[in-house]
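Chain residues, written in single-letter form:
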Amino acid sequence: MLQIGDDHESVLRFLRNGGLSKIDSMRVLSQATGIPLLKARDIVQSSQAWR
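What counts as what
Residues numbered from 1 in each chain as written. Predicted model: local features only at pLDDT ≥ 70, side-chain atom pairs only at ≥ 80, totals over all residues. Heavy atoms only, no water. Buried < 20%, exposed > 50% of the residue type's maximum accessible area, 1.4 Å probe, protein only. Helix = DSSP H or I, 4+ residues; strand = E, 2+ residues; numbered from the N terminus. Arc of directions from axis to C-beta. Contact = heavy atoms within 4.5 Å. Salt bridge = Lys/Arg side-chain N within 4 Å of Asp/Glu carboxyl O. Core = buried A, V, L, I, M, F, W, Y, C linked by side-chain atoms within 4.5 Å. Axes fitted to C-alpha atoms, helices over the stretch in contact; angles between N-to-C directions. Parallel < 35°, antiparallel > 145°, perpendicular 65-115°, else oblique. Left-handed = near helix turned anticlockwise from the far one by under 90°. Nonpolar A, V, L, I, M, F, W, Y, C, P; charged D, E, K, R; others polar.

Chemist: Is there a simple way to explain helix α1 (residues 8-17) in this structure?
Modeler: What sets the pattern is the α-helix's 3.6 residues per turn: residues three or four places apart point alike. Along α1, the residues that are buried comprise Val11, Leu12 and Leu15. Down the axis of α1, the buried set is contained in an arc of 95 degrees. They therefore lie on one face. Structurally, α1 contributes buried residues whose contacts are with α2 (22-33) and α3 (37-45).

In structure tokens form, the structure reads like this:
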């Protein structure tokens, strides 16, 4: 379960374990945090969860 204040890596691990694709994870991260989609893409691409 996610909690307020969890870091991006924890969120991405949660999303990946839930079966979301990279693209869907980028969208969720962007919408949930308010960061631009391109920034979310960079975060997802460099995430340990997606290696």
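Chemist: Got a minute to help me understand the pattern of salt bridges in this structure?
Modeler: Counted by the stated rule, this structure contains three salt bridges. In this structure, Glu9 engages Arg13 in a salt bridge whose closest nitrogen and oxygen atoms are separated by 3.9 Å. A residue pair is termed a helical-turn pair when its members lie 3 or 4 positions apart in one helix, as Glu9 and Arg13 do in helix α1 at four residues. By relative accessible area, which is 21% here, Glu9 ends up partly exposed.

Chemist: How should I be thinking about the nonpolar core in this particular structure?
Modeler: Soluble globular proteins: nonpolar side chains tend toward being buried together. Membership of the largest hydrophobic core is limited to ten residues, which are Val11, Leu12, Leu15, Met26, Leu29, Ala40, Ile43, Val44, Ala49 and Trp50. Elements represented by at least two residues in this core include exactly α1, α2 and α3. Residue contacts for Met26: discarding those within four places in its chain leaves Leu37, Ala40, Arg41, Val44 and Gln45.

Chemist: Got a minute to help me understand the packing of α1 against α2 in this structure?
Modeler: The axes of two packed helices give the description: the angle between them and the distance between them. For the pair α1 and α2, interaxial distance at closest approach is 10 Å and the crossing angle is 135 degrees. Taken together, α1 and α2 sit at an angle that is classed as oblique. Helix-helix and strand crossings are classified by hand; for α1 and α2 the assignment is right-handed. Two secondary-structure elements touch here, α1 through His8, Leu12 and Leu15 and α2 through Ser25, Val28, Leu29 and Thr33. Looking at the contact of α1 with α2, its residues break down into four nonpolar, three polar and no charged.

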